[in-house]
Amino acid sequence: MGHMWSVLANPHRFLGFSRYAVPSAYSLGLILFAWSLYQALWRVPPDEFQGGDIMRGMFVHVPSAWLCMGLYLGLAVASFVWFIWRHELADVAARAIAPVGAAYTALCLATGSVWGKATWGTWWLWDDPRIMSVLVLFFLFLGYMALRAALETRQSAARAGAILAMIGAVNVPLIKFSVDIWASLHQGPSVIRAEGPALAAVYLHPLLIGFLGQGLLVSAMVLTLMRAEIFSQQADRLMARRLGGG
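Numbers given to residues run from 1 along each chain, matching the order in which its sequence is written. pLDDT decides what is reported in this predicted model: residues at 70 or higher carry local features, side-chain atom pairs at 80 or more are listed and counted, and totals for whole chains, interfaces and linings draw on all residues regardless. Water and hydrogen atoms were dropped before computing side-chain values, which therefore reflect all heavy atoms in the structure.

Things to note about the overall build of the protein
Thought 1: Put simply, DSSP H or I for four residues or longer makes a helix, DSSP E for two residues or longer makes a strand, and each gets a number counted from the N terminus. Within the protein, the secondary structure is distributed over 8 helices and 0 strands.
Thought 2: Walking the protein from its N terminus toward its C terminus, one meets helices and strands in the order α-α-α-α-α-α-α-α.
Thought 3: Going through the 246 residues of the protein one by one, you find that 42% of them count as buried.
Thought 4: Whether two residues touch is decided by their heavy atoms; if any such pair falls within 4.5 Å, the residues are in contact. Expressed as a percentage of contacts within the protein between residues at least 6 apart in sequence, the contacts between residues at least 24 apart total 76%.
Thought 5: Here, Shrake-Rupley sampling with a 1.4 Å probe gives the accessible areas, and only protein chains in the shown set may cover a residue. A total of about 13200 Å² of accessible surface is found on the protein, and carbon and sulfur atoms cover 69% of it.
Thought 6: For the purpose of charge, His is not counted, nor are the chain termini; Lys and Arg are scored as positive and Asp and Glu as negative. In this description, the location of a charge corresponds to atom NZ of lysine, CZ of arginine, CG of aspartate or CD of glutamate. Counting 17 positive and 12 negative side-chain charges, the protein places the averaged centre of each group 13 Å from the other. For every residue, the accessible area obtained with a 1.4 Å probe (protein chains only) is divided by the maximum for its type, and the residue is called buried under 20%, exposed over 50%, and partly exposed between those limits.

A look at the environment of L212
Thought 1: In this fold, L212 is placed in helix α8 (residues 201-245).
Thought 2: For L212, a relative accessible area of 45% gives the class partly exposed.
Thought 3: Separated by 57 residues in the primary sequence, L212 and Q155 place their C-alpha atoms 35 Å from one another.

Considering the pattern of salt bridges
Thought 1: The term salt bridge refers to a side-chain nitrogen of Lys or Arg lying within 4 Å of a carboxyl oxygen of Asp or Glu. Counted by the stated rule, this structure contains 5 salt bridges.
Thought 2: For the salt bridge of R154 with D91, the shortest nitrogen-to-oxygen distance reads 3.2 Å. Taken as a pair, R154 in helix α6 (residues 154-168) and D91 in helix α4 (residues 88-120) lie far apart in primary sequence, 63 residues in all.
Thought 3: Judged by relative accessible area, D91 falls into the buried class, the value being 3%.
Thought 4: A single salt-bridge network, built from bridges that share partners, covers E88, D91, R148 and R154.

Side note on the nonpolar core
Thought 1: Counting residues in hydrophobic clusters, the biggest one holds 41 residues, and the most contacted among them are L71, Y72, L75, V222 and M226.
Thought 2: Where this core is concerned, the elements lending two or more residues are α2 (11-43), α3 (58-85), α4, α5 (129-150), α7 (171-181) and α8.
Thought 3: In terms of residue count, the dominant contributor to this core is α4 (12 residues).
Thought 4: Each residue touching V222, except ones within four places of it in the same chain, is listed here: L71, A96, I97 and V100.
Thought 5: In terms of nonpolar packing, the next biggest core, distinct from the first, is built from 11 residues, A40, F59, V62 and Y203 among them. Remark: nonpolar core denotes a set of buried residues (Ala, Val, Leu, Ile, Met, Phe, Trp, Tyr, Cys) joined through side-chain atoms within 4.5 Å.

Section: unusual backbone geometry
Thought 1: Positive phi, normally seen in glycine, also occurs at R86, with a value near 60°.
Thought 2: With respect to the helices, strands and loops of the structure, R86 is situated in the loop between α3 and α4.
Thought 3: Look at R86 and you get partly exposed, because its relative accessible area is 36%.

Side note on the packing of α4 against α6
Thought 1: Remark: α4 packs on α6, axes separated minimally by 11 Å, with the N-to-C direction vectors making an angle of 65°. If you check the angle between α4 and α6, you find them roughly perpendicular. Between α4 and α6 lies a crossing of left-handed hand. When α4 is examined against α6, the residues E88, D91, V92 and R95 are found in contact with a partner set consisting of R154, Q155 and A158.
Thought 2: In the scheme used here, Gly and all other residues not listed as nonpolar or charged are polar, with Ala, Val, Leu, Ile, Met, Phe, Trp, Tyr, Cys and Pro taken as nonpolar and Asp, Glu, Lys and Arg as charged. Residues that form the contact of α4 with α6 fall into these classes: 2 nonpolar, 1 polar and 4 charged. Angles shown run from 0 to 180 degrees and are taken between the N-to-C directions of axes, each axis being a line fitted to C-alpha atoms and, for helices, limited to the stretch in contact. Oblique is the label for every angle not falling under 35 degrees (roughly parallel), over 145 degrees (roughly antiparallel), or within 65 to 115 degrees (roughly perpendicular). Each helix crossing is assigned a hand: it is left-handed if the near helix lies turned anticlockwise from the far helix by less than a right angle, otherwise right-handed if that turn is clockwise.

Here is the structure:
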């Protein structure tokens, strides 16, 4: 276990890996996402019970909902790894995940609002547990970034951010099970179910392919931000050595 963490925490190995992983993930992700959108817009039949043609937004909304929860779990895990083992690359990962997670949560809320207007007749429901728990997730991402920006030293910012991220992780299962615990206009699970997916294959296959494509794009974005942060830190250290030597 210790050897694995030492490999993952080595910035030089990470930069070597990500140099090839980033363009590969962007390329394959774009191809899969474009195929999914093509299927959603021109091949998949509309469902009148889900708002007619507006339900085509499902192929962006549902993956964005899954990904924003997954990104927050990634933020919490990276924060935990830094908090326990002080692996700097874990903190770099947490900082990179936060803005991508905030953007995807905003995308989830926006696409859900458009879909909700067509199916429920309203853009927003303040008493809907899933909507509100996703909104809390959005503010957790924003709060994490704001907290880190407000503190002067990197160590104190990383520590405070890690604590917030770990505590906020309790909201993720609340999002997942909110429709089972409280009354909600959102339907129950239709893909991951003990008895199998409820979606017809014509909807399920493009949805899963689109999720994989968006997942690769999200991974590429996080890796890109991580690379930028590492290069920034290396430049800061180089500048400090030059100023100190001068």
